[in-house]
2 protein chains.
Amino acid sequence: IVSSHDAWSGWLIVSGVGILSGLCAGLIDIGTEWMTDLRLGVCPQRFWLNKKACCWSSNLTTADNDCPEWLSWSQIFGIMSSSASIFAFEYFVYVLVSFLLGFLAAVLVRDLAPYACGSGIPEIKTILSGFVIRSYLGKWVLLIKSLTMMMVVSAGLSLGKEGPLVHVASCCGNMLCRLFPKYRQNEVKKREILSAAAAAGVSVAFGAPIGGILFSLEEVVSYYFPLKTMWRSFFSALMAAIVLSYINPYGNGHLVRFEVSYDMVWHLFELIPFIVLGIFGGLYGAFFIKFNIMWSNFRKNSALKRFPVAEVVVVTVVTALLSYLNPYTKENTSSLIRHLFQQCDQSDSTPLCNYINNGTYVINTNDRANFPTLPAGPQVLRSLWLLALAMLLKAFVTIFTFGIKIPAGLFIPSMAVGACFGRILGVAMEQWYYYNPDTFFFKLACHPGRVCVQPGLYSMVGAAATLGGVTKMTVSLVVIMFELTGGLQYIVPIMFAVMTSKWVGDAFVEGGIYDGHIRLNGYPFLDSKEEVKFTANASEIMQPRKPTILVTINYNGNTVGSLLELMQECPYQGYPLVYSSESQQLIGFITRKDLKHRLDFALETNSNITVESKVYFSDKIPAQHDPSPLLLKEIVDLTPLQVTLETSFDTVLDIFRMLGTRKVLVIHKGRVMGLITKKDILRHIAASTDQDPGAIQFH
Amino acid sequence: IVSSHDAWSGWLIVSGVGILSGLCAGLIDIGTEWMTDLRLGVCPQRFWLNKKACCWSSNLTTADNDCPEWLSWSQIFGIMSSSASIFAFEYFVYVLVSFLLGFLAAVLVRDLAPYACGSGIPEIKTILSGFVIRSYLGKWVLLIKSLTMMMVVSAGLSLGKEGPLVHVASCCGNMLCRLFPKYRQNEVKKREILSAAAAAGVSVAFGAPIGGILFSLEEVVSYYFPLKTMWRSFFSALMAAIVLSYINPYGNGHLVRFEVSYDMVWHLFELIPFIVLGIFGGLYGAFFIKFNIMWSNFRKNSALKRFPVAEVVVVTVVTALLSYLNPYTKENTSSLIRHLFQQCDQSDSTPLCNYINNGTYVINTNDRANFPTLPAGPQVLRSLWLLALAMLLKAFVTIFTFGIKIPAGLFIPSMAVGACFGRILGVAMEQWYYYNPDTFFFKLACHPGRVCVQPGLYSMVGAAATLGGVTKMTVSLVVIMFELTGGLQYIVPIMFAVMTSKWVGDAFVEGGIYDGHIRLNGYPFLDSKEEVKFTANASEIMQPRKPTILVTINYNGNTVGSLLELMQECPYQGYPLVYSSESQQLIGFITRKDLKHRLDFALETNSNITVESKVYFSDKIPAQHDPSPLLLKEIVDLTPLQVTLETSFDTVLDIFRMLGTRKVLVIHKGRVMGLITKKDILRHIAASTDQDPGAIQFH
């Protein structure tokens with residue numbers, strides 16, 4: 001029964017994680033929609049309803065239009081005099097509500113849960129690589145992060161809630177681990193649950209369970225991913241997706257969030273514009289990473305870091321002021337992306353779909369492929385200009401937004417930039433085809449009278465490319481995009497764009513934005529993806545270097561006093577235990593922490609033990625003793641890994657990465673010569689890659 | 001340029017692997033269809049066309065019906081006298097052609113490429129875990145395997161070509177590696193390509209690129225799967241899928257092979273029958289593994305192994321004789337599965353869809369969900385009996401088929417068993433609903449007048465469950481099923497069934513069929529999935545045990561003669577090099593192979609070297625010498641990994657698994673005490689899991 005309970009508890013936790021994450025995501029989605037609409041107006045009769053729900057009972061079918069139940073702020077305050085004053089008043093309320101939401105969120109984060117800020121992915125990567133950041137995954141963080149996420153997204157800041165959802169799901173996982181002693185006490189087991197939680201987070205963020213596992217595998221966990229974890233992650237991700245689809249926050253009953261309904265083939269010649277999109281994505285990614293890291297560095301090293309709330313407020317107000325003027329930035333970013341991914345059909349009356357149709361074409365939903373290419377109307381051109389402005393706004397504002405002290409993901413803003421660019425390029429290609437259908441590649445590939453170029457697809461590919469450029473994700477990104485849009489047949493274009501984007505981006509900046517922030521914050525993270533050529537061997541990275549001699553503890557002849565003295569004189573993290581200081585033959589390893597703790601404890605609690613007491617690291621003690629001896633056999637780690645002086649750095653690195661060990665002893669001809677810790681490894685990597693070794697933090 | 005060529009060569013190879021695999025798969029598919037139809041008749045005007053292509057030009061629209069261009073064997077030989085004689089003659093030709101194909105395939109495999117037999121997956125797993133099976137991936141194997149695969153599938157044997165396609169793709173990968181020195185010489189790099197090739201193989205086998213990566217990750221590579229490999233695998237898998245879809249062997253222009261078109265929700269109560277399917281799958285898997293391994297063991301240890309061709313012929317003839325009598329086994333297994341996955345609509349006149357419709361319901365393809373549940377006609381019942389017989393036939397015959405000396409995969413036969421069972425259960429549920437719509441769970445979930453239970457879905461879930469039971473795949477299976485059928489919304493039912501199946505199966509048999517065959521053949525494979533609790537430590541598994549003393553080579557004082565003598569007296573695989581035999585302080589490690597090779601070479605080619613020549617393992621040689629000395633510094637591995645006597649077996653196992661090392665030296669107090677090789681590890685695992693340690697082969 002115990003063993004089956006053991007096996008079940010894992011499944012129980014991962015299903016719990018899935019269900020909880022799904023619930024959190026659903027609540028956050030609903031809350032966000034409500035708060036977002038709050039900037040425009042309110043439902044006076046039932047204030048807890050958002051615009052869509054408020055207008056549901058109304059007779060008007062489209063939710064985009066206003067309905068009498070829903071009142072804008074100017075209607076509520078009776079400002080009806082002129083359209084200018086209505087505009088000014090609504091503008092004012094829009095900025096005001098944004099300001100309040102941003103301010104409140106920043107204060108909550110600062111005072112209640114400072115760890116709730118940022119996307120959380122760099123930290124989770126670090127935690128999963130084996131380090132402990134205390135209370136980073138606590139229940140307060142969960143609560144505050146969920147709450148403030150709704151606020152900041154509603155405040156119209158250029159950020160997404162997708163990255164933070166991974167953090168939220170991880171918090172759920174951590175909380176559930178506390179209920180089971182097996183998982184509470186075992187860090188390795190807990191990490192298994194956390195990787196499942198990361199998968200669940202992505203699953204609810206994008207409705208992408210398979211993408212979730214791959215994300216967890218590619219981006220978060222990086223190296224060590226046992227298969228059992230994969231299966232559990234999948235289960236967790238799926239549970240989360242199901243719960244979310246039952247809550248149904250997007251109101252379409254599907255998991256697929258930005259569903260694309262065009263069922264068209266893409267043409268081989270289109271790979272060229274797709275590669276252009278990839279290049280754009282790579283360049284944008286490099287630009288974004290470079291400037292965001294630069295600005296984050298500035299924030300860290302200037303007076304700015306003392307005013308986190310003020311910074312949030314300034315960014316919020318500036319974003320709101322600028323966003324209101326452009327319809328594409330005024331609406332929330334998710335809707336913008338959904339809109340840009342869609343194809344135009346004749347029922348679509350938005351400016352972006354203002355095509356000139358002289359009435360000859362009759363709409364038929366079953367006949368999409370035969371929809372002819374039409375010339376763009378004047379409003380399309382205007383929309384493209386607005387889209388270009390929106391793109392620039394998002395691109396610049398996000399640099400200053402990602403890193404301020406509120407929850408902030410960057411999937412959605414990154415995608416928005418690419419979606420805008422892609423749509424512009426797509427419309428350009430489409431009109432090129434309309435005006436020059438005889439250009440040779442159009443002539444080869446397109447059928448006259450049918451749509452040949454689909455601007456929505458370009459938008460989708462562009463979004464994938466920019467996201468790829470920023471995060472440097474690969475397989476998981478392609479799978480997420482495909483699950484996000486349901487467009488299985490567009491895997492190839494997306495893949496080409498993502499690949500190009502990664503290659504172009506890597507030429508300018510190594511690693512993605514998360515790696516950049518890990519490095520910036522000096523988290524001790526061994527990146528498994530970095531492929532640096534190291535030529536050093538163990539003798540060059542071990543401590544101590546010549547002429548310093550390794551401090552060891554002899555097997556015999558120690559007293560409590562001598563050990564205390566040794567620890568004071570040589571404040572290292574641990575000491576090899578050797579047979580004698582002449583032979584330096586290794587017996588085991590003792591950490592400073594254990595030794596200090598045991599000596600202090602013995603001195604305090606046992607009055608027979610004095611500084612003169614002999615210390616033995618074995619069971620065999622001479623018969624008579626005064627003062628009574630101290631036995632410390634159990635603090636000796638008898639199984640340290642050993643390498644030789646000539647072992648290459650790559651091998652040592654693999655030992656640390658793969659076996660999760662914390663130290664390796666260096667032996668030469670049977671003598672202990674030195675030791676290598678994770679710190680030495682990180683320092684060497686930093687030195688080899690031209691980073692400042694001093695910047696690395698150690699926990 | 002060199003470094004960019006370096007990076008490009010990897011991409012070049014993986015795209016090459018993808019393209020080649022796609023081509024091979026396409027050719028094999030086309031060849032198989034043609035040969036399969038050859039059992040029934042021929043296209044006299046253009047004999048190289050299969051039935052479908054032959055009838056294409058005909059006016060008849062459905063390919064199922066005969067057309068005048070296509071002649072059955074009885075028509076060709078003019079046997080028209082009575083239906084009994086037609087039947088008998090066609091039966092005879094069917095069995096004869098099967099016999100010829102089977103015989104030819106068996107002879108080709110025996111004489112030209114013995115390695116072409118089986119599915120190849122166990123061997124590829126072993127190769128990827130770091131062992132070399134010479135010429136297992138050669139071009140002859142590729143050629144013969146491709147050719148015989150078409151024959152044996154066409155011969156109607158109960159086997160599939162999906163597993164062998166993985167082997168074929170790996171052969172392509174291996175061949176392309178030979179073109180690039182970087183990959184030819186480096187086993188680790190080559191393994192990266194081979195894992196990409198495995199992904200490409202699954203991708204073409206099932207039209208499932210994402211499933212391919214996950215399969216490669218979960219089933220083939222198991223442990224060490226760098227991210228770069230994942231990205232390349234994906235690319236390779238995608239290229240393969242695209243090439244295959246251009247060749248378009250299924251004629252539907254899609255990658256999706258068993259496309260399901262029903263767009264229906266499943267109901268929560270259906271999880272119970274799905275779990276029943278899972279239990280069935282688990283039981284079938286356990287049954288199959290047990291008896292297949294038992295029979296394979298019998299084959300290995302009896303006279304049977306001397307008559308591989310006769311065995312193939314007997315199995316082929318028996319299968320053909322039995323299969324012809326049942327329409328569901330007469331058609332090829334892939335078509336059977338496709339047929340069972342489909343839902344019935346009114347245009348479907350097959351016996352399985354013989355529902356009683358009194359003419360009130362008018363067909364409308366857009367209105368599938370409103371299709372009412374109809375009572376089953378008499379032919380449905382008969383079909384179910386035939387399906388049950390087909391299931392039993394497949395289940396029994398496959399036990400004797402998998403393991404005979406021809407290419408044989410078992411994905412398709414395993415799926416067929418589950419699909420039959422699932423369909424039977426599905427029809428039973430459907431009719432239960434028709435006759436008792438008031439049963440409480442039906443009443444809760446179903447809408448009257450609409451289809452509530454979908455037998456095709458049950459078939460799909462059943463197929464996944466049996467395949468899961470046999471192979472013990474998890475995530476990759478779910479993803480493959482979803483890519484195979486395009487039914488994203490049925491991930492949850494499939495997942496539940498696969499999970500149940502795995503749990504039930506694991507209660508009876510540990511590991512999947514591939515692990516069983518690896519163990520049976522004694523391949524040295526460290527399974528990363530086995531979670532056995534080991535309590536041993538390094539001292540208990542190292543060689544030599546007390547009182548035998550480790551044979552070492554001293555740093556000084558060796559002559560060619562003394563070393564030759566040592567090798568003769570102590571024929572071990574390698575010898576630790578120590579400072580002196582008293583101190584046993586380790587310097588390095590010398591393998592027997594290197595030492596022998598160098599000594600023999602020196603004696604043969606250099607006349608100054610005699611058995612009296614001193615051997616030095618350093619650069620420093622005393623000034624004068626007679627006879628001239630031999631310097632062997634470069635054969636000393638200066639960087640062996642070292643553990644202590646107390647190191648736990650788990651840690652040692654991790655070192656072998658993760659670092660891919662071949663030996664670990666055991667040190668105690670600075671002295672070399674013994675060494676552990678992969679052999680010792682495997683022997684210990686075998687002993688701990690009640691296997692015969694002697695059965696393990698070593699390469």
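Note that this is a predicted model, so its numbers are computed, not measured.

J.: What's the story with the packing of aromatic side chains in this structure? I'm lost.
T.: Geometry of an aromatic ring pair is reported as the spacing of the ring centres plus the angle between the planes. By the definition in use, this model includes 66 aromatic pairs over all chains. With centroids separated by 6.4 Å and ring planes inclined at 35 degrees, the aromatic side chains of Trp73(A) and Phe77(A) adopt a geometry described as tilted. Classification of Trp73(A) by relative accessible area gives buried; the value is 17%. Cluster of aromatic residues (ring-pair linked, three or more members): Trp8(A), Trp11(A), Trp231(A), Phe234(A), Phe235(A), Phe496(B) and Trp503(B). Positioned over the ring face of Trp11(A) is Arg232(A), at 5.5 Å from the centre of the ring.

J.: Hey, could you run me through the nonpolar core in this one?
T.: Ranked by internal contacts, the top residues of the largest apolar core, which has 325 residues, are Ile210(A), Met481(A), Ile210(B) and Met481(B). In contact with Ile210(B), not counting residues within four places along its chain, are Ile210(A), Leu214(A), Val479(A), Phe482(A), Ile491(A), Phe234(B), Val479(B) and Glu483(B). If you look at the next biggest cluster of nonpolar residues, it comprises 34 residues, including Met542(A), Ile676(A), Ala538(B) and Val666(B).

J.: Just to check I follow, could you spell out the relation of the copies chain A and chain B for this structure?
T.: Each of the two chain copies can be generated from the other by rotation about an axis followed by a shift along it. Mapping chain A onto chain B is achieved by rotating through 180 degrees and translating by 0.1 Å along the same axis, at an RMSD of 0.4 Å. Here the copies are linked by what is in effect a two-fold axis.

J.: Please clarify how the pattern of salt bridges should be interpreted in this entry.
T.: Should the charged atoms of two oppositely charged side chains come close, the side chains can pair. Evaluated as defined, the whole model comprises 18 salt bridges over all chains. The residue Asp637(A) makes a salt bridge to Lys663(A) at a minimum N-O spacing of 3.1 Å. In this pair, Asp637(A) sits in the loop between β8 (630-631) and β9 (642-644) while Lys663(A) sits in strand β10 (residues 663-668), placing the two residues 26 residues apart along the sequence. With a shortest N-O distance of 3.1 Å, Lys472(B) and Asp506(B) are connected by a salt bridge. With Lys472(B) in the loop between α19 (455-471) and α20 (475-485) and Asp506(B) in helix α21 (residues 491-508), this pair connects stretches of sequence that are 34 residues apart.

J.: Got a minute to help me understand the environment of Val317(B) in this structure?
T.: Residue and element names in this part refer to chain B. For valine 317, the location among the structural elements is in helix α13 (residues 308-323). Spatially, the C-alpha atoms of valine 317 and valine 509 are 31 Å apart, while their sequence positions differ by 192 residues. Once you skip the residues sitting within four places of it in the chain, valine 317 turns out to touch Val95 and Phe99.

J.: It is not clear to me how a nonpolar patch on the surface should be interpreted in this structure. Could you clarify?
T.: All names here are of chain A. Together, Ile275, Ile279, Leu283 and Phe508 line one region of the surface with nonpolar side chains, adding up to about 340 Å² of accessible area. Here the element with the most residues in the nonpolar patch is helix α12 (residues 271-300); it accounts for three residues. By secondary structure assignment, the location of leucine 283 is in helix α12. You can call leucine 283 partly exposed: its relative accessible area is 41%.

J.: How should I be thinking about the confidence of the model for chain A in this particular structure?
T.: Close inspection of predicted coordinates is inappropriate in any region flagged by low pLDDT. Residues and elements named next belong to chain A. Per-residue pLDDT for chain A has a mean of 82; in total, 87% of the residues score no lower than 70. Element-level mean pLDDT values for chain A span from 75 in helix α2 (residues 51-54) up to 94 in α12. Across the assembled chains, the prediction reports ipTM 0.74 with pTM 0.79.

J.: Would you explain the interface of chain A and chain B in this entry?
T.: Interfaces are often sized by the accessible area lost when the parts come together. If you look at the interface, chain A gives 53 residues, while chain B gives 53 residues. Around 5,400 Å² of area is buried between chain A and chain B when both sides are counted, 79% of it from carbon and sulfur atoms. Taken together, the connections running from chain A to chain B amount to zero salt bridges. At the boundary of chain A and chain B, one finds three residue pairs in polar contact (both at pLDDT 80 or more). Secondary-structure elements contributing two or more residues to the side of chain A that touches chain B are α1 (2-38), α10 (209-221), α11 (227-247), α20 (475-485), α21 (491-508), β6 (586-591), β9 and α26 (649-659) of chain A. Among the elements that make up the side of chain A that touches chain B, the one with the highest residue count is α11(A) (eight residues). Looking at the side of chain A that touches chain B residue by residue, the class counts come to 36 nonpolar, nine polar and eight charged.

J.: Can you help me understand the side chain of Lys663(B) in this one?
T.: Residues and elements named next belong to chain B. With relative accessibility at 16%, the residue lysine 663 sits in the buried group. Engagement of the side chain of lysine 663 in a polar contact is seen with the side chain of aspartate 637, the distance being 3.2 Å. For lysine 663, the residues in contact, after removing those within four places along its chain, are Phe589, Asp637, Pro640, Phe656, Ile676 and Thr677.

J.: For this particular structure, what's the right way to read the environment of Ser158(B)?
T.: Residues and elements named next belong to chain B. Along the chain, serine 158 falls in the loop between α6 (139-154) and α7 (162-177). By relative accessible area, which is 5% here, serine 158 ends up buried. In this structure serine 158 touches Thr319, Lys394, Val397, Thr398, Thr401 and Pro413, once residues within four positions along its chain are discounted. Here the side chain of serine 158 touches threonine 398 through a polar contact of 2.7 Å, side chain to side chain.

Criteria and thresholds
- Residues numbered from 1 in each chain as written.
- Chains lettered and ligands numbered in written order.
- Predicted model: local features only at pLDDT ≥ 70, side-chain atom pairs only at ≥ 80, totals over all residues.
- Heavy atoms only, no water.
- Phe/Tyr/Trp six-rings, centres within 6.5 Å; stacked < 30°, edge-to-face > 60°.
- Buried < 20%, exposed > 50% of the residue type's maximum accessible area, 1.4 Å probe, protein only.
- Lys NZ or Arg CZ within 6 Å of the ring centre and 35° of its normal.
- Core = buried A, V, L, I, M, F, W, Y, C linked by side-chain atoms within 4.5 Å.
- Contact = heavy atoms within 4.5 Å.
- Least-squares fit on C-alpha atoms with pLDDT ≥ 70 in both.
- Salt bridge = Lys/Arg side-chain N within 4 Å of Asp/Glu carboxyl O.
- Helix = DSSP H or I, 4+ residues; strand = E, 2+ residues; numbered from the N terminus.
- Patch = residues over 30% accessible without salt bridge, like charges linked within 9 Å, V, L, I, M, F, W, Y side chains within 5 Å.
- Areas by Shrake-Rupley, 256 points an atom, 1.4 Å probe, with all protein chains shown as cover.
- pLDDT = per-residue confidence, 0-100.
- Buried area = accessible area lost by both parts, 1.4 Å probe.
- Polar contact = N/O pair within 3.5 Å; in protein donor to acceptor, adjacent residues only side chain to side chain.
- Nonpolar A, V, L, I, M, F, W, Y, C, P; charged D, E, K, R; others polar.

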